Amino acid sequence: MQGIWKKLLSTTMVVGVVLGVVLWGGFNWAMELTNTESFCISCHEMKNNVYEEYTNTIHYMNRSGVRATCPDCHVPKEWVHKVVRKIQASKELYHHFMGTIDTREKFLKKRGELAVNVWKAMKATDSRECRNCHGETYMDFDKQEERAAERHEEAFDKGMTCIDCHKGIAHELPKGWKELAKKNGLMPTAETTPAQ
Amino acid sequence: MRKIIVLGPAAAFLVGGSMLAMAEIKSLRGDRPLDAPPEPPKKARVISKTGGFGRQWKTQPPLIPHKIDKERISLDENSCLRCHAPDTYKAEKAPMISKTHFTDPNNPSDANLMRGRWFCYQCHVPQVNAKPLVENLFSKTAD
């Protein structure tokens, strides 16, 4: 009798481990699958609006041929943050089926709100996703346009973050973006920028 | 007979001369036949010039001294206003849009920027380091 129990227990454990590996792997596999640009633009809301605009920008085509894709800027790299973002993204699924932004007109109407969400998220993380690729310590100010170098040197001393100044880097700015940014305290002002 | 001896070289001179003159006529496109593709132009890059290009005459729309490939102007939005608008120029250390561009010059704001001044590229353009196609003799007028 004891022998049977032992066998059962060990089989269960083996099955459990195998199942665990499969499910865990499957989970991560699904996470990876949904972390590609082709997945993002499988929804026309993403493809016809933001993607199309992005193809005219430096993160799509540039002198070095390195691309930044949608998840590079919108999905965190660290596992925990990534899972959180994925759970938040279920909202997108809901709005997709509700057709909240299924026409260009509807999208343009809601765009300001969506942009503010993204700005806030980036501000809160100190533009973490930008910094996955751009490190302020590795910037050669001598090689930058003077206009850029001058602003960067001061801004980094002041602890400002990329999204403070680089709004609209990958998509068109929403109508009335300045008022939206000001209202949410996301606009650099003469006070946050030190005088010359 | 003597006439022919004299006229012969003269005619040859005339024909030859006009052919020479013809060879000198050259379009900007070069000597290429019409059905051949034109020579590809050399790549030219936008010049970034600290302090701006200055003006050649008082009411000249100043040239843009920086890259503008990131900027976008649509019916609704104008990203030049990120830096040149009355409420942003100080923080961005850029020159403010000329007061002449506003319907209320004493109280300039995005709201009263003239629609006729909305599409900045109509008047302001960046410069590239291209070789001029023809020599330019224009000189600065007195300030």
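Residues numbered from 1 in each chain as written. Chains lettered and ligands numbered in written order. Predicted model: local features only at pLDDT ≥ 70, side-chain atom pairs only at ≥ 80, totals over all residues. Heavy atoms only, no water.

(A) Unusual backbone geometry, seen in detail. The phi dihedral of Asp126(A) is positive, around 55°, even though this residue is not glycine. Tracing the backbone through its elements, the reader meets Asp126(A) in the loop between helix H7 (104-124) and helix H8 (128-133). (Helix = DSSP H or I, 4+ residues; strand = E, 2+ residues; numbered from the N terminus.)

(B) Molecular detail of the packing of helix H3 (residues 44-54) of chain A against H7(A). All names here are of chain A. As a packed pair, H3 and H7 sit with axes 10 Å apart at the nearest point and diverge in direction by 70°. In terms of their interaxial angle, H3 and H7 are classed as roughly perpendicular. Taken together, the residues of H7 that come into contact with H3 (itself represented by Asn48, Asn49, Val50 and Glu53) are Arg104, Phe107 and Arg111. Looking at the contact of H3 with H7, its residues break down into two nonpolar, two polar and three charged. (Axes fitted to C-alpha atoms, helices over the stretch in contact; angles between N-to-C directions. Parallel < 35°, antiparallel > 145°, perpendicular 65-115°, else oblique. Contact = heavy atoms within 4.5 Å. Nonpolar A, V, L, I, M, F, W, Y, C, P; charged D, E, K, R; others polar.)

(C) Broad picture of the interface of chain B and chain A. Contacts between chain B and chain A engage 19 residues on the former and 30 residues on the latter. Here chain B meets chain A over a buried area of about 1900 Å², counting both sides, of which 48% is carbon and sulfur. If you sort the residues of chain B by the area they bury against chain A, Arg72(B), Glu77(B) and Lys93(B) come out on top, with a joint share of 33%. Joining chain B to chain A, the criterion identifies six salt bridges. At the boundary of chain B with chain A, the tally comes to 13 residue pairs in polar contact (both at pLDDT 80 or more). It is helix H3 (residues 89-92) of chain B that contributes the most residues to the side of chain B that touches chain A, three residues altogether. Grouping the amino acids of the side of chain B that touches chain A by side-chain chemistry returns three nonpolar, five polar and 11 charged. (Buried area = accessible area lost by both parts, 1.4 Å probe. Salt bridge = Lys/Arg side-chain N within 4 Å of Asp/Glu carboxyl O. Polar contact = N/O pair within 3.5 Å; in protein donor to acceptor, adjacent residues only side chain to side chain.)

(D) Representation of the nonpolar core. With 11 residues, the main nonpolar core is built from Ala115(A), Val116(A), Trp119(A), Met122(A), Ile163(A), Leu173(A), Trp177(A), Leu180(A), Ala181(A), Leu186(A) and Met187(A). Looking at this core, the elements with two or more residues in it are H7 and helix H11 (177-183) of chain A. Tallying contributions element by element places H7(A) first for this core, with four residues. Apart from the residues within four sequence positions on either side, Ala181(A) is in contact with Trp119(A), Lys167(A), Leu186(A) and Met187(A). Ile97(B), Phe102(B), Leu113(B) and Trp118(B) belong to the second largest nonpolar core, which has eight residues in total. (Core = buried A, V, L, I, M, F, W, Y, C linked by side-chain atoms within 4.5 Å. Buried < 20%, exposed > 50% of the residue type's maximum accessible area, 1.4 Å probe, protein only.)

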